[in-house]
Amino acid sequence: MYVFGSQCFFTSFNQTCLADCNSDYTRSGSRVFRCGADGEWHGDMNCTGIDPCQADPAPCDPLTTCSNPAPNQFSCTKCPDGYRNTAFRPRTKCEDIKECEEEEPCHPRRKCTETPGSYTCGTCGDGWREVGETGCEDIPECTEQEPCYPGVACKERPGTYECGDCPTGLEGDGYGQDGCTPITCPLADLPEYADASIDCDSEAFGTTCKVSCNPGFTNNFVTIKCQGSGTWSSPQ
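Undergrad: So what exactly am I meant to see when it comes to the overall build of the protein here?
TA: The helix and strand tally for the protein stands at 2 helices and 21 strands. Against the compact-globule benchmark of 18 Å for 236 residues, the protein has a radius of gyration of 49 Å, which places it well outside the compact range. Considering the protein as a whole, with its 236 residues, one finds that 27% of them fall into the buried category. Long-range pairs, those at least 24 residues apart, make up 22% of the contacts in the protein with a sequence separation of at least 6.

So this is what it looks like as structure tokens:
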């Protein structure tokens, strides 16, 4: 821990000599040693090993722990998860890993946001559900929600669905329980004939109404029908 000067060799009883600590130790007390009657050097100088952890700059990153297992020695714990060490061991310098840029851990529909030592994934958006911390799954609306009018075909689409045509006699877009309504032909829209009358008491799709000639006129038996377009057909 300390060394004597070259003039300290082959000295006699009660003579003094100067000593000093090695360069990697700190000294306290006097440098003067005196040769005692026992043939040993006596003095009150102490040499204390330097703690590298107290150095400025410190050898270990603030995110790691520095320990001093022996004089003039140190060790650093590993950088936390989400960080990489960019210094040569045993020193540490922890750098945040940019997972969003380097690893692309989130599903393409989920926005990746960097956080200290980690990352978060946003939501998947309408028509999709989150799976775990990073994934997305298309919601099968047709089987889980039955979103179309009863009897209307439902087709899955990425992130959504599509409803088909309403059944015969109904009209609408087919979406939801009110997506289809009965087709009607208003009685007010019945054709008018100067020499005939129409016997009709329903506006419902498929209704057939009889057209009868007025007294004094004759014609073959004819009818008109409420069509899928919501209009009355021509006499047949």
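Here the narrative resumes.
Undergrad: Sorry if this is basic, but what is going on with the environment of His107 here?
TA: Mapped onto the elements of the fold, His107 is located in the loop between helix H1 (99–102) and strand S11 (112–115). Here the alpha-carbon distance between His107 and Thr184, two residues 77 residues apart in the chain, equals 49 Å.

Undergrad: What am I meant to see in the sheet that holds strand S21 (residues 222–225) here?
TA: Two pairing modes exist for strands in a sheet, parallel and antiparallel, and in both the strands are linked by backbone hydrogen bonds. Taken together, 3 strands build an open sheet; the order of strands is S19-S20-S21 and the sheet is antiparallel. Two strands bound the open sheet, and with one partner strand each, they are strand S19 (196–199) and S21. Direction aside, the axes of adjacent strands within the sheet are offset by 30 degrees on average.

Undergrad: Sorry if this is basic, but what is going on with the state of the cysteines here?
TA: Among covalent bonds in proteins, the disulfide is the one between the sulfur atoms of two cysteines. Taken as a whole and assessed by the stated rule, the structure comprises 12 disulfides. Bridging Cys124 to Cys136, the disulfide has an S-S length of 2.0 Å. Around the S-S axis, the bridge from Cys124 to Cys136 shows a dihedral of about -100 degrees and counts as left-handed. Linking Cys124 in the loop between strand S12 (118–121) and strand S13 (128–131) with Cys136 in strand S14 (residues 135–138), this pair joins segments that are 12 residues apart in sequence. Both residues of the pair, Cys124 and Cys136, belong to the buried class. A disulfide bridge connects Cys166 with Cys180, and the sulfur atoms are separated by 2.0 Å.

Undergrad: Help me understand unusual backbone geometry in this model?
TA: As a rule of thumb, non-glycine residues mostly have phi less than zero, and peptide bonds are mostly trans rather than cis. In the segment running from Asp56 into Pro57, the intervening peptide bond is cis, with an omega of 5 degrees. Mapped onto the elements, Pro57 comes out in the loop between strand S6 (46–49) and strand S7 (66–67). The residue after Arg89, namely Pro90, is reached through a cis peptide bond having omega 10 degrees. As for its position among the elements, Pro90 is in the loop between strand S9 (83–85) and strand S10 (94–96). Backbone geometry at Glu146 places phi at a positive 50 degrees, although glycine is not the residue there. By secondary structure assignment, the location of Glu146 is in the loop between helix H2 (141–144) and strand S15 (154–157). Residue Glu146 is classed as exposed on the basis of its relative accessible area of 59%.

Undergrad: Would you explain the pairing of strand S4 (residues 32–35) in this entry?
TA: For a regular strand, side-chain orientation follows a simple rule: the groups alternate between the two sheet faces. Burial along S4 is one-sided: Phe33 and Cys35 are buried, while Val32 and Arg34, pointing the other way, are not. Pairing of strand S2 (residues 16–21) with S4, which is carried by 3 bridges, proceeds in the antiparallel orientation. Counterpart to Thr16 in the pairing with S4 is Arg34. As defined by bridge partners, S4 adjoins strand S5 (residues 41–42) across 2 bridges and the pair is classed as antiparallel. Within S5, the position partnered with Arg34 by the bridge is His42. Hairpin geometry of S4 and S5 is characterised by an intervening segment of 5 residues between the two adjacent antiparallel strands and by a positive phi of about 80 degrees at Gly39.

Cut-off values and rules
Residues numbered from 1 in each chain as written. Predicted model: local features only at pLDDT ≥ 70, side-chain atom pairs only at ≥ 80, totals over all residues. Heavy atoms only, no water. Helix = DSSP H or I, 4+ residues; strand = E, 2+ residues; numbered from the N terminus. Rg over C-alpha atoms; globule rule 2.2 N^0.38 Å. Buried < 20%, exposed > 50% of the residue type's maximum accessible area, 1.4 Å probe, protein only. Contact = heavy atoms within 4.5 Å. Pairing = 2+ DSSP bridges. Axes fitted to C-alpha atoms, helices over the stretch in contact; angles between N-to-C directions. Disulfide = S-S within 2.5 Å.

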